[in-house]
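Coordinates in review
Below are the chains, spelled out letter by letter.
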Amino acid sequence: PDMVLLTTGNNDWCTWSCLSDIERARLLKRLDPDSWGSVAWGERQLKRAEEHGKARPEYPSRLTQQEYAAVLREVIDICTARGIGIVCVLWPWEFQFFDQDHQPKDTMHGTYQAVLKEVCREKETPLVDLTQAFAPAQDSIYLDGVHINTKGCALAAQAIAAAVRKLASNAP
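On a predicted model such as this, the values are computed, not experimentally measured, just so you know.

A tally of regular secondary structure across the protein gives six helices and three strands. For the protein, the N- to C-terminal ordering of α and β elements is β-α-α-α-β-α-β-α-α. Among the 172 residues that make up the protein, the fraction classed as buried is 34%. In the protein, the proportion of contacts linking residues at least 24 apart, taken out of those at least 6 apart, comes to 69%.

In C-alpha cells form, the structure reads like this:
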C-alpha cells in the first residue's frame, strides 16, 4: 500500500475473557483448524481450550503497555522501511469530554492513549487525536459512550482526511 491508517479503538484494550492476546494465540496454535468445520465449532474449541488454560478472574489487557508500544513501533518501522506513509488515530471515549482539560478519568484507557501519543512523538509519526476533532461538537456524537454516530463519523473523516492529505503532499 501507499499509506497505512493505524487505528486502535476503545474496544481494543480488553479481551472480555480471561486471556491476553498472547495467551489466546498460544491456545489457538494448539487447536486443529482442519477439524473446525465452522466458525461456531472453532469458537467452542477455543472456549474449551480457555477453560482448560490458565484462567483468572480479572480481565487482562489484551497487551501490556510495553507490548502495545512494541507493536506500534514495529508497525511504524515496517512502514518506514518500505516507504509506506503511516498515520495513527487516537479515538476518545465520551466520558473524556466531561473534564475541562479533556483528560481521561480512567487510568487504563488514558495510559494506552498516552502510549500511542508517546510512540508517535518518538517515531515522528503523524497522529490524529480525535479528541480535538470531537471537542467542538455541541451535541453528543456518541451512540453508547464508545461508538460514534453519523455526525461523529463525519468529524472523524474530516480530521483523518486532513492528515492523509498532508502526509500525501509531503510524499517523495
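Time to look at the side chain of Thr131. Along the polypeptide, Thr131 turns up in helix α5 (residues 130-134). Side-chain polar atoms of Thr131 contact the side chain of Asp129, separated by 2.8 Å.

Attention shifts here to the pattern of salt bridges. Throughout the structure, instances matching the rule amount to four salt bridges. Among the salt bridges present, the one from Asp129 reaches Lys117, with a minimum N-O distance of 3.8 Å. In this pair, Asp129 is assigned in strand β3 (residues 127-129) and Lys117 in helix α4 (residues 107-123), connecting sequence segments twelve residues apart. Judged by relative accessible area, which is 29%, Lys117 ranks as partly exposed. One salt bridge in this structure joins Glu118 and Arg121, with 3.3 Å as the shortest N-O distance. One end of the pair is Glu118 and the other is Arg121, both in helix α4 and three residues apart, which spans about a single turn.

As a further point, take the nonpolar core. Tyr68, Leu72, Cys88, Val115, Leu116 and Val119 are the most contacted members of the largest nonpolar core, which totals 16 residues. Within the second largest apolar cluster, 13 residues are counted, among which are Val87, Phe134, Ala163 and Leu167.

Summed over all chains, the structure comprises zero disulfides. Here Cys79 is not cross-linked by a disulfide; its sulfur's nearest cysteine counterpart is in Cys88, at 8.7 Å. By relative accessible area, which is 6% here, Cys79 ends up buried. Counting only cysteine sulfurs, Cys88 is the nearest neighbor of Cys120, a cysteine outside any disulfide, at a range of 3.6 Å.

For any pair of aromatic rings, the description rests on two quantities: the centre-to-centre distance and the angle between the ring planes. All told, the structure shown has three aromatic pairs when counted by the stated rule. Through successive ring pairs, a cluster of aromatic residues spans Trp91, Phe134 and Tyr142.

Turning our eyes to something else, we now look at unusual backbone geometry. A positive phi angle, close to 55°, is found at Glu124, a residue other than glycine. Its place among the elements puts Glu124 in the loop between α4 and β3.

Next up on the list: the confidence of the model for the protein. With 59% of its residues at a pLDDT of 70 or more, the protein shows a mean pLDDT of 76. Taken element by element, the protein is modelled with least confidence in helix α2 (residues 39-52), mean pLDDT 57, and with most confidence in strand β2 (residues 85-90), mean pLDDT 95.

Parameters at a glance
Residues numbered from 1 in each chain as written. Predicted model: local features only at pLDDT ≥ 70, side-chain atom pairs only at ≥ 80, totals over all residues. Heavy atoms only, no water. Helix = DSSP H or I, 4+ residues; strand = E, 2+ residues; numbered from the N terminus. Buried < 20%, exposed > 50% of the residue type's maximum accessible area, 1.4 Å probe, protein only. Contact = heavy atoms within 4.5 Å. Polar contact = N/O pair within 3.5 Å; in protein donor to acceptor, adjacent residues only side chain to side chain. Salt bridge = Lys/Arg side-chain N within 4 Å of Asp/Glu carboxyl O. Core = buried A, V, L, I, M, F, W, Y, C linked by side-chain atoms within 4.5 Å. Disulfide = S-S within 2.5 Å. Phe/Tyr/Trp six-rings, centres within 6.5 Å; stacked < 30°, edge-to-face > 60°. pLDDT = per-residue confidence, 0-100.

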